[in-house]
Amino acid sequence: MVENLIIFGTLVSSTGLNSLEVVPGYLIIEDGKIIRKGTSREFVKLEAQDAFRGFHIIKLQSDQFLMPGFVDCHTHGPQFPNLGLGLDRPLLEWLEKYTFPLESQFAATEYASNVYSQVVRRLLTNGTTTACYFGSLDLGGTMELVKSAVNLRQRALIGKVSMNMKNQSGYYNDTEREVDDSTKFVEKVLAFDNDLISPVISPRFALSCDNELMKKLAELAAKYNCHIQSHISENVEEVNEVLRQNPGCVNYAEVYDKCAILTNKCIMAHAVHLTDAEIDLLKIREVGIAHCPASNTRLRSGLCPVRKLINHGLRVGLGTDVSGGDSASILDAIRRTMDVSTHLELQHGLHRAINWKEAFYLGTLGGAKALSLDHKIGSLEVGKEFDALVINVFATGGPIDNHPNTLEATSNEYNEGLVQRFLYTGDDRNITQVYVKGHLVKNGWTVV
Ligand code: GUN
Ligand code: FE
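Residues numbered from 1 in each chain as written. Chains lettered and ligands numbered in written order. Predicted model: local features only at pLDDT ≥ 70, side-chain atom pairs only at ≥ 80, totals over all residues. Heavy atoms only, no water.

Undergrad: Can you break down the pattern of salt bridges residue by residue, with the values?
TA: For the coordinates displayed, the defined rule picks out 25 salt bridges. The partner of K59 in a salt bridge is E47, and the shortest N-O contact between them spans 2.9 Å. Of this pair, K59 sits in strand 4 (residues 56-59) while E47 sits in helix 1 (residues 40-48); the two residues are 12 residues apart in sequence, bridging distant segments of the chain. Residue class for E47 comes out partly exposed when judged on its relative accessible area of 30%. R307 is the salt-bridge partner of E358, the closest N and O atoms lying 2.8 Å from each other. With E358 in helix 13 (residues 356-363) and R307 in helix 11 (residues 306-311), the pair connects residues that are 51 residues apart, well separated along the chain. Several salt bridges share partner residues, and in doing so they unite R298, D326, D332 and R336 into one network. (Salt bridge = Lys/Arg side-chain N within 4 Å of Asp/Glu carboxyl O. Helix = DSSP H or I, 4+ residues; strand = E, 2+ residues; numbered from the N terminus. Buried < 20%, exposed > 50% of the residue type's maximum accessible area, 1.4 Å probe, protein only.)

Undergrad: Outline the site of ligand 1, listing residues and values.
TA: Close to ligand 1 lie H76, Q79, L91, W94, L95, R204, F205, H231, E234, H270, S295 and D321. Side-chain polar atom of R204 to an oxygen atom of ligand 1: 2.7 Å apart, as the coordinates give it. The contact in question runs from a nitrogen atom of ligand 1 to an N or O atom on the side chain of E234, over 2.7 Å. When isolated, ligand 1 has an accessible area of 280 Å², and the protein chains bury 100% of it. The element that contributes the greatest number of residues to the shell around ligand 1 is helix 2 (residues 91-104), accounting for 3 residues. Of the residues contributing to the shell around ligand 1, the split by class is 4 nonpolar, 5 polar and 3 charged. (Near = heavy atom within 4 Å. Polar contact = N/O pair within 3.5 Å; in protein donor to acceptor, adjacent residues only side chain to side chain. Areas by Shrake-Rupley, 256 points an atom, 1.4 Å probe, with all protein chains shown as cover. Nonpolar A, V, L, I, M, F, W, Y, C, P; charged D, E, K, R; others polar.)

Undergrad: Just give me the short version of the side chain of N82, but keep the residues and values in it.
TA: Checked against the element boundaries, N82 lands in the loop between strand 6 (70-76) and helix 2. By relative accessible area, which is 14% here, N82 ends up buried. Within the local environment of N82, its side chain forms a polar contact with the backbone oxygen of Y98, the two atoms lying 3.3 Å apart. Setting aside anything within four residues of it in sequence, one finds N82 in contact with Y98, L102 and S323. (Contact = heavy atoms within 4.5 Å.)

Undergrad: Talk me through the packing of helix 4 (residues 139-152) against helix 5 (residues 175-191); I want residue IDs and the actual numbers.
TA: Where helix 4 meets helix 5, the axes come as close as 11 Å, and the angle between the chain directions of the two elements is 25 degrees. In terms of their interaxial angle, helix 4 and helix 5 are classed as roughly parallel. You can see that helix 4 and helix 5 cross each other, and the crossing is right-handed. Where helix 4 approaches helix 5, its residues L139, T142, M143 and V146 are matched on the opposing element by D181, K184, F185, K188 and V189. Here the contact of helix 4 with helix 5 is composed, by residue class, of 5 nonpolar, 1 polar and 3 charged. (Axes fitted to C-alpha atoms, helices over the stretch in contact; angles between N-to-C directions. Parallel < 35°, antiparallel > 145°, perpendicular 65-115°, else oblique. Left-handed = near helix turned anticlockwise from the far one by under 90°.)

Undergrad: An account of the state of the cysteines is needed here, citing residue identities and associated values.
TA: For the coordinates displayed, the defined rule picks out 0 disulfides. Of the cysteine sulfurs around C226, a residue in no disulfide, the closest is that of C132, at 11 Å. For C259, which is in no disulfide, the shortest distance to another cysteine sulfur is to C249 and amounts to 7.7 Å. (Disulfide = S-S within 2.5 Å.)

Undergrad: Any chance you could break down the packing of helix 13 against helix 15 (residues 412-425) for me, citing the residues and the numbers?
TA: With their axes 11 Å apart at the nearest point, helix 13 and helix 15 run at an angle of 70 degrees to one another. Here helix 15 runs roughly perpendicular to helix 13, going by the angle between their axes. Relative to helix 15, the crossing made by helix 13 is left-handed. Residue-level inspection shows W356, K357 and F360 of helix 13 in contact with helix 15, the latter providing E416, V419, Q420, L423 and Y424. Here the residues of the contact of helix 13 with helix 15 are counted per class, giving 5 nonpolar, 1 polar and 2 charged.

Undergrad: Before we move on, could you go through unusual backbone geometry and cite the residues and values that matter?
TA: In this chain, V322 is followed by S323 through a cis amide linkage whose omega measures 5 degrees. Its location among the elements puts S323 in the loop between strand 14 (315-318) and helix 12 (330-347). One non-glycine residue, A260, adopts positive backbone phi at about 65 degrees. By secondary structure assignment, the location of A260 is in the loop between helix 8 (252-258) and strand 12 (266-270). Its relative accessible area of 47% is what places A260 among the partly exposed residues. The phi torsion at R300 lies on the positive side, around 55 degrees, for a residue other than glycine. Residue position: R300 is located in the loop between helix 10 (293-298) and helix 11.

Undergrad: How would you explain the coordination of the iron ion (ligand 2) if you had to name every residue and give the values?
TA: Distances from the iron ion (ligand 2) to its protein donors, H74 (NE2), H76 (NE2), H231 (NE2) and D321 (OD), fall within 2.0 to 2.2 Å. Donor residues for the iron ion (ligand 2), ordered by position in the chain, follow H-x1-H-x154-H-x89-D. Remark: D321 occurs in the loop between strand 14 and helix 12 and H74 occurs in strand 6; sequence separation between them is 247 residues. By relative accessible area, which is 4% here, D321 ends up buried. (Donors = N, O, S within 2.8 Å, 3.2 Å for Na, K, Ca; no water.)

Undergrad: Mind laying out the pairing of strand 3 (residues 33-38), listing which residues take part and the relevant values?
TA: Pairing of strand 2 (residues 19-30) with strand 3 involves 5 bridges; the strand directions are antiparallel. If you follow E30 over to strand 3, its bridge partner there is K33. Hairpin connection from strand 2 to strand 3: 2 residues lie between these consecutive antiparallel strands, with D31 at a positive phi of about 50 degrees. (Pairing = 2+ DSSP bridges.)

Undergrad: Outline the packing of aromatic side chains, listing residues and values.
TA: For the structure shown, the criterion picks out 10 aromatic pairs. Consider the rings of F100 and Y171, whose centres lie 5.6 Å apart with planes at 40 degrees: the pair is tilted. One end of the pair, F100, is in helix 2; the other, Y171, is in the loop between strand 9 (161-162) and helix 5, with 71 residues separating them in the sequence. Accessibility expressed as a relative area gives 4% for F100, which makes it buried. The buried category is assigned to Y171, whose relative accessible area is 5%. Relative to Y116, the ring of F106 has its centre 5.2 Å away and its plane inclined at 40 degrees; by these criteria the two rings are tilted. Of this pair, F106 sits in the loop between helix 2 and helix 3 (109-125) while Y116 sits in helix 3, and the two are 10 residues apart along the sequence. The structure contains a cluster of three or more aromatic residues connected by ring pairs, namely F8, Y26, F43 and F52. (Phe/Tyr/Trp six-rings, centres within 6.5 Å; stacked < 30°, edge-to-face > 60°.)

Pasting the structure below:
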């Protein structure tokens, strides 16, 4: 059983791209769900009436705030040993030289288990309460990622990566084995009957899977009503190769569409070089997008016009895309999103940069929407599950100093300033408590 909680203090949560609420108040959390939200005045009155008996009451200090947990819409569990390494090649060479050889090692269960428990801990430490993972090709190895997320109580979408096209590392399966293992994987994950964990069908990308396999995987996703994830239009060389191999298709998105991959439970990473026709198609199919700015820069893939994708009505969240990305933190992805879109604004005046309030949305509610999980998570709304972070802006030993300040500590300007400073200059040392569905999973420095 989770403890029933009341948290009183500054509550920070997006209601939409342009609306970040920073308000004093309180939440009541029962059985992992937010069942009530009220004002400070109400809290003081009810507390005086002893109305909160039986609840554990947490009163945040004036330099702390509560926010929804971060949502990482796209990362690769078996690439964490390469985090910060091998960033000197463009995508297709990088896959062959560094990534496939590393991922191949995840057929060894013990190795996989050791790495994955560190991966999940690292993400929780960084405040990622929900992650959408690619695992490796190996069924048993990827089950270790599932076990780590279950044991450490992270909310996760997890996929066994599917590949049946030859590569230099011999890192692929034949079609029959691939469909078989993917089916087994989905059934094994569903057998956990754990509402925090779901399977996601994961064709790596159109250069790793032929159309026959992609069609079969799309059927599998439909049969089990599960999410499906892949990569699209990340790098120009990749796009050209996809078009060369699929002469009957006018663009990259059509290759996936012909295989029935594009649905409202599909999350596509990158989307850097899409044409207007592709953006329209993804919008019609209600595909979610994982924007991965760190990886797009590190692998020199390009500057994703994320404002344009949003303006066309696509659901966009953020992804760290480790190890193409060099950081496991969505807080970092928030900054990189602002940087990349600022660079685009500087280059082409048409693209208005994403501001910090919008970037906060993309790292929380936007991600929840992109993963079609916004009925459960992404904001501090009544009825949602309590996935949240306590942020201690001036945490001892942390990166932000508390300089004398003329603002009233309870004013809205002061509180917005706290959020802004955390987004621009904070790190995991400021994330002092992490809750997933009401469970405390990080307390102080420790993942519990
Ligand atoms: N495209 C296909 N596979 C991958 C991968 O592992 N990382 C990235 N960034 N792009 C990909
Ligand atoms: Fe990726």
